[in-house]
Amino acid sequence: MRISFDLDDVIFNLNPINMLAFERAGIPYVRQTSWNIDEIYDESVCKNLVELWGDDLLYRMPVLDTKIPHMLNVLMARPDMEIFFVTERRMKQPEKTYRQLRNAGIKCNRDQVYDKIGFKSDILRELKPDIHFDDSPLVIKGCLDKGVPVVMISNNLTLYNHHLRPYVEHYPNLRTALIQKGVYKTGKIR
Ligand SMILES: [Mg+2]
């Protein structure tokens, strides 16, 4: 089984960066309701968000769920599993992305990490995962259009993807998604 994972807001917690963008702009924090930040946020918030997106801070964001590194390591140790991490960050810095994963305790190899130029859904179409987990509405729409099996992570912090809930299988977090999809088996093997 081939499984691929988005990083930001699926494995890593971007909320501290979002809050910092508001703090730097001197504006009270509001949650992101649309993927198009220019439409919803003040210009100075957008500017700070874009700057932070290319900053080293991005590569030091904590995981959303401290159980996830262990769960991913269990999956990567299984001979029947091929695991990939596919991100679409503004600055293409795959080495930093790789180090971020390793620093978080996720024991991946460099060749499992994709952070390159191009639409993520096109990269995924080439990669041919059996399931891809993501929160981005653009990526999810792209996957639906291109026949890439996708599961959406959707919760109160991802208001920007709620409009896609009728069209795609979704779970509030990656831990629940992995268990509900039967990818990660809990309990002891008898
Ligand atoms: Mg994401």
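Just so it is clear, the structure is predicted and the values come from calculations on it, not from any experiment.

1. Comments concerning the sheet that holds strand β4 (residues 131–134)
Strands sit in the order β3-β2-β1-β4-β5-β6 across an open sheet of six strands; the sheet is parallel. Each edge of the open sheet carries a strand with a single partner, namely β3 (113–114) and β6 (170–171). The pairing of strand β2 (residues 82–86) with β3 spans two bridges and is classified as parallel. The residue of β3 that forms the bridge with Val-86 is Tyr-114. Packed on one face of the sheet, helix α7 (residues 137–146) meets β4 and β5 (150–153) and runs near 160° to β5.

2. Describing the nonpolar core
Val-10, Ile-11, Phe-133 and Leu-174 are the most contacted members of the largest nonpolar core, which totals 31 residues. The set of elements that each furnish at least two residues to this core consists of β1 (2–5), α4 (68–77), β2, α5 (94–103), α6 (120–127), α7, β5 and α8 (174–180). Discounting chain neighbours no more than four positions away, the residues touching Val-10 are Phe-5, Phe-133, Asp-134, Asp-135, Ile-153 and Leu-174.

3. Regarding the domain arrangement of the protein
Here the domain parsing of the protein yields domain 1 (2–12 + 63–180) and domain 2 (15–59). Using C-alpha coordinates to define each centre, domain 1 is positioned 22 Å away from domain 2. Listed per partner, the contact involves twelve residues of domain 1 and ten residues of domain 2. The set of elements that each furnish at least two residues to the side of domain 1 that touches domain 2 consists of α5 and α7.

4. Considerations on the pairing of β4
For a regular strand, side-chain orientation follows a simple rule: the groups alternate between the two sheet faces. Relative to β4, β1 is paired through three bridges, and the arrangement is parallel. Among the inter-strand pairings, Phe-5 is bridged to a residue of β4, identified as Phe-133. Strand direction decides the pairing type here: β4 and β5, joined by three bridges, are parallel. Bridge assignment links His-132 to a residue of β5, and that residue is Val-150. In this fold, the crossover linking β4 to β5 by way of α7 has right-handed handedness.

5. Quick word on the environment of Arg-24
Looking at where Arg-24 falls in the secondary structure, it is placed in helix α1 (residues 15–25). Placed 92 residues apart in sequence, Arg-24 and Lys-116 show a C-alpha to C-alpha distance of 29 Å.

6. Considerations on the packing of α1 against helix α3 (residues 43–53)
Packing of α1 against α3 brings their axes to within 8 Å, and their N-to-C directions diverge by 135°. By the angle between their directions, the pair α1 and α3 is classed as oblique. In the packing of α1 onto α3, the handedness of the crossing is right-handed. Contact with α1, carried on its side by Ile-17, Leu-20, Ala-21, Phe-22, Arg-24 and Ala-25, involves Ser-44, Val-45, Asn-48, Leu-49 and Leu-52 of α3 and no other residues of that element.

Procedures and definitions
Residues numbered from 1 in each chain as written. Predicted model: local features only at pLDDT ≥ 70, side-chain atom pairs only at ≥ 80, totals over all residues. Pairing = 2+ DSSP bridges. Helix = DSSP H or I, 4+ residues; strand = E, 2+ residues; numbered from the N terminus. Contact = placed C-beta atoms within 7 Å. Axes fitted to C-alpha atoms, helices over the stretch in contact; angles between N-to-C directions. Core = buried A, V, L, I, M, F, W, Y, C linked by C-beta atoms within 7 Å. Buried ≥ 20, exposed ≤ 12 C-beta atoms within 10 Å, placed from the backbone. Domains from an automatic or database assignment. Right-handed = clockwise from strand over helix to strand, strands pointing away. Parallel < 35°, antiparallel > 145°, perpendicular 65-115°, else oblique. Left-handed = near helix turned anticlockwise from the far one by under 90°.

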